[in-house]
Amino acid sequence: MVTTLGLLQIRIILILLILVTLGCNKNSNEKNLTPLDVTTDLIEINQPINTQQYINPKLGLSFTFPNNWQITKPEDSPVEIVQLISPEGSIEIQFINDYPPPTIDLTSYSQALIDNLIIGNPDLIFDGPYKFAMLGPNPAIKYNFTTSKENIIGTTIISIRKLGMFSDSIIIQAQGDSISYKQSEEEINIILNSFNFSSMD
């Protein structure tokens, strides 16, 4: 019999494999990604110059991103993923939708993800305690990280949304080389601060 904890561990391992696979090899990413059909989910509605809005009514999420960033979706992914790539390809932001056990709280779920991420990637260094944030109406936990060997920095944001008796989560991971990341911080913040994780249609 598979326990709730066992199911959570399986989901965490699956998510971490996806994050590591997508985040560690840019050339591999480009082979496995296809541009999204902008006529399906991508809608431009009264947005400031040089930005557009991604809206996914099925998942109840939306965010604003710069026009010159590429939005893609990995093929054959076992979970819902959307990925943004900066014009020069040095920064990637991944949005992953998951379904944690309904009884788990945000802090425990986030800590389990981070603990397993560190086990699988010993070079990761999370800077200080996590911070509480909001994704639309939903509370979230935000972590900043660096790597000890490669010159990579980034941010991980995790949120759980209650759906009646069930719940789902969104995991956002932004990462890139430190120079490009700092130079693009304004654009990254536009994306992260505009993210809305609300009710589904």
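A word on the overall build of the protein chain. Regarding its fold elements, the protein chain presents 5 helices and 13 strands. When each of the 201 residues of the protein chain is scored for burial, the buried share is 48%. For the protein chain, long-range pairs separated by at least 24 residues make up 54% of all intrachain contacts whose partners lie at least 6 apart in sequence.

Once that is clear, we can look at the pairing of strand E11 (residues 152-163). Counting buried positions over the 12 residues of E11 gives 9, a clear majority of the element. For strand E10 (residues 138-147) and E11, the ladder comprises 7 bridges, and the chain directions are antiparallel. Among the inter-strand pairings, Tyr 143 is bridged to a residue of E11, identified as Thr 156. If you look at the hairpin formed by E10 and E11, you'll find 4 residues sitting between the two strands. In this structure, E11 lies alongside strand E12 (residues 166-177), joined through 12 bridges in antiparallel fashion. Considered in E12, the bridge of Gly 154 is made with Gln 175. The hairpin formed by E11 and E12 contains 2 residues between the paired strands, and Gly 164 there has a positive phi angle of roughly 65°.

Turning our attention to the pattern of salt bridges. Counted by the stated rule, this structure contains 1 salt bridge. The partner of Asp 168 in a salt bridge is Arg 161, with the nearest N and O atoms 2.7 Å apart. Classification of Asp 168 as buried rests on a relative accessible area of 0%.

This part covers the nonpolar core. Counting residues in hydrophobic clusters, the biggest one holds 25 residues, and the most contacted among them are Phe 63, Leu 84, Ile 93, Phe 95, Ile 172 and Phe 195. Within the residue set of this core, elements represented by two or more residues are strand E4 (61-66), strand E6 (80-85), strand E7 (91-98), E11, E12 and helix H5 (185-194). Leaving out residues up to four positions away in the same chain, Phe 63 has contacts with Gln 52, Gln 53, Tyr 54, Ile 71, Val 82, Leu 84, Phe 95, Ile 191, Ser 194 and Phe 195. Membership of the second largest hydrophobic core comes to 17 residues, among which are Val 79, Ile 104, Ile 114 and Phe 126.

On to the confidence of the model for the protein chain, then. Close inspection of predicted coordinates is inappropriate in any region flagged by low pLDDT. Here the protein chain averages 77 in pLDDT, while 74% of its residues score no lower than 70. The low-confidence segment residues 1-10 (pLDDT under 50) makes 5 contacts with residues lying over four places distant or belonging to another chain. Predicted confidence for residues 20-40 stays below pLDDT 50, and this span has 37 contacts to residues more than four positions away or in other chains.

Right, let's talk about the packing of aromatic side chains for a bit. For the structure shown, the criterion picks out 8 aromatic pairs. Judged by centre distance (6.0 Å) and plane angle (15°), the ring pair of Phe 63 and Phe 195 falls under stacked. Residue Phe 63 is found in strand E4, and its partner Phe 195 is found in the loop between H5 and strand E13 (196-197); the two are separated by 132 residues along the sequence. By relative accessible area, Phe 195 is classed as buried at 3%. Centre to centre, the rings of Phe 195 and Phe 197 are 6.4 Å apart; their planes meet at 45°, and the pair counts as tilted. By the burial criterion, Phe 195 is buried, and Phe 197 matches it. A connected cluster of aromatic rings, assembled from ring pairs, spans Tyr 54, Phe 63, Phe 65, Phe 95, Phe 195 and Phe 197. One cation-aromatic arrangement involves Arg 161 over Phe 197; the distance from NZ or CZ to the ring centre is 4.0 Å.

Calculation criteria
Residues numbered from 1 in each chain as written. Predicted model: local features only at pLDDT ≥ 70, side-chain atom pairs only at ≥ 80, totals over all residues. Heavy atoms only, no water. Helix = DSSP H or I, 4+ residues; strand = E, 2+ residues; numbered from the N terminus. Buried < 20%, exposed > 50% of the residue type's maximum accessible area, 1.4 Å probe, protein only. Contact = heavy atoms within 4.5 Å. Pairing = 2+ DSSP bridges. Salt bridge = Lys/Arg side-chain N within 4 Å of Asp/Glu carboxyl O. Core = buried A, V, L, I, M, F, W, Y, C linked by side-chain atoms within 4.5 Å. pLDDT = per-residue confidence, 0-100. Phe/Tyr/Trp six-rings, centres within 6.5 Å; stacked < 30°, edge-to-face > 60°. Lys NZ or Arg CZ within 6 Å of the ring centre and 35° of its normal.

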